[in-house]
Every structure is written in structure tokens, then in C-alpha cells.
Amino acid sequence: MRAALLAGFMLLVGGAGQAQGLDARWGLRWGQSPEEVRTQVSTWRELSASGDMARFIVASSRVRHPAFPMQVLGFRQGRLVEVRSISKLFTDDPEGREGKLAHFGLGLPLQARYGQPSKIYEETLPPDRQPAEGFYACLQTDGCGLWARTWEHAEAYVVLELKPGQVPRSGWLVLHAMEPAAR
């Protein structure tokens, strides 16, 4: 069953890896106003502001990707400056195998678009030195592990990171794109 789910996930990822690679902005443009973006999405829900950033959860066939059911858009001074995409939760994955496979699989189409990653952080302490809850608990513990890739590209600063979930032995991918000038 898990192998079938992983194969399905990889097919979804492969569909995103067309010749131009995966656009971490989902076709949106930096500087668009909330009104301009709202015409391109089917759902729109405002979240609490974070500092000087207005945030919205969106869903749309244009903005969404099957591997990322949700996007959170950030606007500063009425301009789009940030897009965060959040994957489905990987559950009962104590060693992080599903998460690591998805991270690697999405890294390839991102690399096709943005080039070689600027930095790769794929490190954890050996299993015997990790918390008993496993890989994702290690990612949550300072100095234990980090699983991320970054791209510093003229079009966007992009981070693909595997993060721990709130449920033990679970995690998800966060794909974070920022306007280079807003960084």
C-alpha cells in the first residue's frame, strides 16, 4: 500500500517536472495585488496578519498542485511577496522514508526550473542518537537534524523543507517562495 502511495506521489511530482520545471509561485507574479490574485483562485480565506504581512489561504486548479493541497499567500503593502505551499501529511513514517523520497522527488523539478540548489541541508544525527519518536522528532530538536534545499534565483528565493507534523512520526513538505527583494 505504501509503495503504491509513493509511486502515485512520484507520478504527481513527475507531472510537475515538465521542461520548465516546477514554478514555486504556481504562475502568480510578484507584486500582484490581492484583488488580482483573487480573480485567479477559487477559494480565499484571510488568516491573521503576521507582522506587516497579510496572509491568505487559497485553492485553485491554477495555483494548486496535487502534491500541495494548500497555499498560503503573503502580501506586504498590498503586493504579493511570498507563496508557501504545504504538502499532505506523511503519517506513520518514523524513519522519514516517505518524506525524504518526496523531498528528493520535488527537488528534481525545482532544480529543472531554478538550477542547482544553492544549499543542501540533509543531515540528522545517527538513529541511535535521535529522539525515540524518530526522524521527524529529530527535525524538531535543535541540533539534531535539518532537511532542506534552497535556491537563490533571480526569479525567486525558494526553500523546500521537510518539517515535523504535530502527530508523532509524521511530517510534511513546505515549499516556500519569496520575492528576492522581499527577503
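Everything that follows concerns the structure shown earlier in this document.
Residues numbered from 1 in each chain as written. Predicted model: local features only at pLDDT ≥ 70, side-chain atom pairs only at ≥ 80, totals over all residues. Heavy atoms only, no water.

## Observations concerning the sheet that holds strand β1 (residues 43-46)
The strand order across the open sheet built from 8 strands is β1-β2-β3-β4-β8-β7-β6-β5, with neighbouring strands paired in antiparallel fashion. Each edge of the open sheet carries a strand with a single partner, namely β1 and β5 (119-124). Across the sheet, the mean angle from the axis of one strand to that of its neighbour is 20 degrees, orientation sign disregarded. Two strands pair when backbone bridges link them, and strand β3 (residues 70-76) and strand β4 (residues 79-86) are joined in this way by 7 bridges, in the antiparallel orientation. (Pairing = 2+ DSSP bridges. Helix = DSSP H or I, 4+ residues; strand = E, 2+ residues; numbered from the N terminus. Axes fitted to C-alpha atoms, helices over the stretch in contact; angles between N-to-C directions.)

## Overview of the nonpolar core
Core analysis: the biggest nonpolar cluster contains 33 residues, and Trp44, Leu73, Leu110, Val158, Leu162, Leu173 and Leu175 have the highest contact counts within it. Those elements that place two or more of their residues in this core are β2 (53-59), β3, β4, α3 (97-114), α4 (135-140), β6 (145-152), β7 (157-164) and β8 (171-178). In terms of residue count, the dominant contributor to this core is α3 (4 residues). Not counting the four nearest positions on each side in its chain, Leu162 is found in contact with Phe90, Gly99, Lys100, His103, Phe135, Tyr136, Leu139, Trp147, Trp172 and Leu173. (Core = buried A, V, L, I, M, F, W, Y, C linked by side-chain atoms within 4.5 Å. Buried < 20%, exposed > 50% of the residue type's maximum accessible area, 1.4 Å probe, protein only. Contact = heavy atoms within 4.5 Å.)

## Observations concerning α3
Over its 18 residues, α3 extends 25 Å from the first C-alpha to the last, a length consistent with the 26 Å expected when each residue adds 1.5 Å. Three or more residues of α3 are buried, namely Glu98, Gly99, Ala102, His103, Gly105, Leu106, Gly107, Pro109, Leu110 and Tyr114. Of the residues one or two after α3, Gly115 is the one with positive phi, at around 85 degrees. (Expected span 1.5 Å × (residues − 1).)

## Observations regarding the pattern of salt bridges
Enumeration according to the criterion identifies 10 salt bridges in this entry. Among the salt bridges present, the one from Arg55 reaches Glu82, with a minimum N-O distance of 2.2 Å. On the criterion of sequence distance, the pair formed by Arg55 in strand β2 and Glu82 in strand β4 is long-range, its members being 27 residues apart. Glu82 carries the same exposure label as Arg55, and that label is buried. The salt bridge involving Glu95 is made with Arg97; its shortest N-O contact spans 2.6 Å. (Salt bridge = Lys/Arg side-chain N within 4 Å of Asp/Glu carboxyl O.)

## Some points on the side chain of Asp93
Locating Asp93 in the fold gives a position in the loop between β4 and α3. The buried category is assigned to Asp93, whose relative accessible area is 4%. A distance of 2.9 Å separates the side chain of Asp93 from the backbone nitrogen of Arg97, its partner in a polar contact. Of the polar contacts made by the side chain of Asp93, one reaches the side chain of Tyr136; its length is 2.7 Å. Discounting chain neighbours no more than four positions away, the residues touching Asp93 are Glu98, Gly99, Tyr136 and Arg169. (Polar contact = N/O pair within 3.5 Å; in protein donor to acceptor, adjacent residues only side chain to side chain.)

## Here's the deal with the environment of Trp151
In this structure, Trp151 sits in strand β6. Owing to a relative accessible area of 0%, Trp151 belongs among the buried residues under this scheme. For the pair Trp151 and Tyr114, spaced 37 residues apart in the sequence, the C-alpha separation amounts to 6.6 Å. Within the structure, Trp151 has its side chain in polar contact with the backbone oxygen of Gly115 (distance 2.8 Å).

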